[in-house]
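# Examination of the molecular architecture
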Amino acid sequence: MTPSRQPDRTARLLLRGGMVIDGTGAPARAADVLVEGDRIAALAAPGTAIEGDVGDMTVRDIAGLTVAPGFIDSHTHDDGYLLAHRDMVPKVSQGITTVVTGNCGISLAPSPAADRVPQPLDLLGPRDLFRFPRFADWLATLRAQPAAVNVIPLVGHTTLRVAAMDDLQRPATPDETARMQALLAEAIEAGAFGMSTGTFYPPAAHATTREIIDVGGPLRARGGIYATHLRDEADQIDAAIEEALEIGRALGTRVVFSHHKLAGERNHGRSAATLARIGQAGALQPVCLDCHPYPATSTMLRLDRVRLARRTMITWSEGYPEASGRDFDDIQRELGLDDDQMLARLSPAGAIYFLMSQEDVDRIVADPRCMVGSDGLPFDKHPHPRQWGTFTRILADTVRERGLMPLETAIHKMTGLAARYYGLPDRGLLQPGMRADLVVFDPATVTDRATFDAPIQASEGIAGVWVNGECVWDGQRATGAYPGQMLAPA
């Protein structure tokens, strides 16, 4: 493996003449930004950041542009993509400098045997990526061969189940629970920030609340994160929220409500009540949530989601590869199959489901506890556009075009808020002494280009991205630098 390259502590960069949005939510202001090595050295009034000759300093004039802390993608499935595509173009091209992995109960490690990778674990990529018996092995590989972005790792409860249990269609036995506890303890010791669950999915659907609390026992010693893809995000969402809150209280962890949504037309509008409940809980225990700005979600192909959605698009299919990028209904008419026959013909497969209301999405994005998370599935043949466009879509559509929140508020959600929730003391804010994760963009032109019909397209208007002081995106392409770090819990 290529050893991790140490940053040049003597390198100096001056971003001159731009507007600074510092990640706190404070108003933008004109300032020069001086970077020395991997740290922000100074913010100063234009023309005063340095004295005398700039010498060998790299100076970049960014008049008319805005500089902000690098964006933190608080919900990803990039565990394997970090290894297979180290330049992380889908992320750095939209200003992302840090990704949270291991969400929805699925993490690449501790890897089950390659012949035991059931859905939804396969959403993380090809089976040959599942080669890390211990969570520490995956972390060590990424430390030795880093990607272009930083990583906040979670360990998935579903992955633990697959590694510890022969029969997933029942609750765990005491011995199996003990094995999962040991695997989680090892992962926490190695550097995991917490645990995620995905009881919505078949491999974990039979896990009881008690099982999750018992498996999560190792979290009690250090708190951390409990991120959950709720057991139900449709008719039974209220009970699912209460279960998550109970688990968080029992483990002494922050609860992250992953990709908060209300699925199905009969549930549209209920976000007002669910957000009120989460806010009420927040007065008694640490809670937060993440979401993306699209009224469609994506995961494995499931008939219950097909029947809830007003439209379903197939993202990939092993059984019928030519289905990729096409609507389920069109393929069904063409093949003359009923729903069950369609599932059998296409599976294993993935799909995009148009089942949320934009009003709910907008309300959730605006909630003061809500971070931004793409939830992209990077190996999908025809992915949801959120993998390439989530952050720039918020800057363009949510902020500039529809005016649903100030730019400074949106940046705070993408940076300082996420850094605080995940316990990153030296990232997420543009202040002296902080790590030099930075994005420069044009607020007048920045936009997503990824669409549901053509989802693999880089954003426009991101003029430069720096991770730990090194440029990883020059405005047009990845630079080939890999300064990303495996971050450690505070």
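Rules of the game
Residues numbered from 1 in each chain as written. Predicted model: local features only at pLDDT ≥ 70, side-chain atom pairs only at ≥ 80, totals over all residues. Heavy atoms only, no water. Helix = DSSP H or I, 4+ residues; strand = E, 2+ residues; numbered from the N terminus. Rg over C-alpha atoms; globule rule 2.2 N^0.38 Å. Buried < 20%, exposed > 50% of the residue type's maximum accessible area, 1.4 Å probe, protein only. Contact = heavy atoms within 4.5 Å. Areas by Shrake-Rupley, 256 points an atom, 1.4 Å probe, with all protein chains shown as cover. Lys, Arg positive; Asp, Glu negative; His and termini not counted. Charge placed at Lys NZ, Arg CZ, Asp CG, Glu CD. Core = buried A, V, L, I, M, F, W, Y, C linked by side-chain atoms within 4.5 Å. Domains from an automatic or database assignment. Phe/Tyr/Trp six-rings, centres within 6.5 Å; stacked < 30°, edge-to-face > 60°. Pairing = 2+ DSSP bridges. Axes fitted to C-alpha atoms, helices over the stretch in contact; angles between N-to-C directions. Polar contact = N/O pair within 3.5 Å; in protein donor to acceptor, adjacent residues only side chain to side chain. Disulfide = S-S within 2.5 Å. 1 Å grid on protein atoms, 1.4 Å probe; cavity = no way out; pocket = protein on both sides within 12 Å on 5 of 7 lines; lining within 4 Å. Points joined across faces, edges and corners; volume = space filled by probe spheres on them. Nonpolar A, V, L, I, M, F, W, Y, C, P; charged D, E, K, R; others polar. Buried area = accessible area lost by both parts, 1.4 Å probe. UniProt positions renumbered as here; feature names shortened; annotations may be inferred.

Looking now at the overall build of the protein chain. Along the protein chain, the regular secondary structure elements total 15 helices and 20 strands. A compact globule built from 490 residues should have a C-alpha radius of gyration of about 23 Å, and the protein chain, at 22 Å, falls within 12% of that. Judged by the C-alpha coordinates and their principal axes, the protein chain covers about 70 × 45 × 45 Å. Among the 490 residues that make up the protein chain, the fraction classed as buried is 61%. Sequence separation of at least 24 residues holds for 75% of the intrachain contacts in the protein chain that already meet a minimum separation of 6. If you sum the accessible surface of the protein chain, you get close to 17,200 Å²; carbon and sulfur atoms cover 50% of it. Placing the 48 positive and 61 negative side-chain charges of the protein chain at their respective mean positions leaves the two points 2 Å apart.

Turning next to the nonpolar core. Among the nonpolar cores identified, the biggest contains 114 residues, and Leu 82, Trp 138, Phe 257, Leu 301, Ile 411 and Phe 441 are the most heavily contacted of them. No other element matches helix H7 (residues 237–251), which puts 7 residues into this core. When we break this core down by domain, the ones giving at least three residues each are domain 1 (70–300 + 354–426) and domain 2 (301–353). Those residues within four positions of Leu 82 in sequence are excluded, and the remaining contacts are Met 88, Val 99, Thr 101, Trp 138, Leu 142, Ala 147, Val 149 and Val 151.

Below, the discussion takes up the environment of Val 472. With respect to the helices and strands, Val 472 occurs in strand E20 (residues 470–473). Given a relative accessible area of 2%, Val 472 falls into the buried group. Taking the C-alpha atoms as reference points, Val 472 and Asp 362, 110 residues apart in sequence, are found 31 Å from one another. The residues touching Val 472, leaving out its near neighbours within four places in the chain, are Val 92, Ala 148, Val 465, Val 467, Arg 477, Ala 478, Thr 479, Ala 481 and Pro 483.

Once that is clear, we can look at the packing of aromatic side chains. Under the counting rule described, the total for this entry stands at 7 aromatic pairs. Between Phe 71 and Phe 391, the ring centres sit 5.8 Å apart and the planes meet at 10 degrees, which makes this aromatic pair stacked. With Phe 71 in strand E6 (residues 71–73) and Phe 391 in helix H13 (residues 386–401), the pair connects residues that are 320 residues apart, well separated along the chain. On the accessibility criterion, Phe 71 (0% relative accessible area) is buried.

Our focus in this paragraph is the sheet that holds strand E8 (residues 150–153). The parallel open sheet is built from 3 strands, whose spatial order is E6-E7-E8. Two strands bound the open sheet, and with one partner strand each, they are E6 and E8. Strand-to-strand, the axes of this sheet are offset by a mean angle of 20 degrees, without reference to chain direction. The pairing of E6 with strand E7 (residues 96–101) spans 3 bridges and is classified as parallel. Within E7, the residue paired with Ile 72 across the bridge is Thr 98.

Here the focus is the side chain of Ser 196. With respect to the helices and strands, the residue Ser 196 is situated in strand E10 (residues 194–198). At a separation of 2.5 Å, a polar atom in the side chain of Ser 196 contacts the main-chain carbonyl oxygen of Gly 102.

What follows deals with the state of the cysteines. Going through the model one piece at a time under the given rule, you end up with 0 disulfides. We note that Cys 104 lacks a disulfide partner, and the nearest cysteine sulfur, in Cys 291, lies 14 Å from it.

Residues Gln 119 and Pro 120 are joined by a peptide bond in cis, for which omega reads 10 degrees. With an omega of -10 degrees, the peptide bond running from Ser 347 to Pro 348 counts as cis. With phi around 35 degrees, His 259 is a residue other than glycine that occupies positive phi space. One can find His 259 in the loop between strand E12 (254–257) and helix H8 (271–282). If you check the backbone angles, Asp 375 has positive phi at about 60 degrees while not being a glycine. One can find Asp 375 in the loop between strand E17 (370–372) and H13. On the accessibility criterion, Asp 375 (4% relative accessible area) is buried.

The full count for this structure, using the stated rule, is 5 cavities of 30 Å³ or more. When its volume is computed, the largest cavity comes out at roughly 150 Å³. Considering each element in turn, the lining of the largest cavity owes the most residues, 3 residues, to strand E14 (residues 297–300). Within the lining of the largest cavity, the residues separate by chemical class into 7 nonpolar, 6 polar and 5 charged.

Glancing now at the domain arrangement of the protein chain. The domain boundaries assigned to the protein chain delineate domain 1 (70–300 + 354–426) and domain 2 (301–353). Note on domain 1 versus domain 2: buried area summed over both sides is about 1,900 Å², and carbon and sulfur give 56% of it. Linking domain 1 with domain 2 are 14 residue pairs in polar contact (both at pLDDT 80 or more). Residue composition of the side of domain 1 that touches domain 2, grouped by class: 13 nonpolar, 8 polar and 4 charged.

This part is about the UniProt feature "domain: Amidohydrolase" (unreviewed entry) in the protein chain. Following the UniProt record, the feature "domain: Amidohydrolase" (unreviewed entry) maps to residues 59–203 and 344–472 here. In this annotation, residues 59–203 is assigned 30% helix and 19% strand; the end-to-end C-alpha distance for the span is 53 Å. Between the C-alpha atoms that bound residues 344–472 there is a distance of 43 Å. The span itself is 33% helix and 17% strand.

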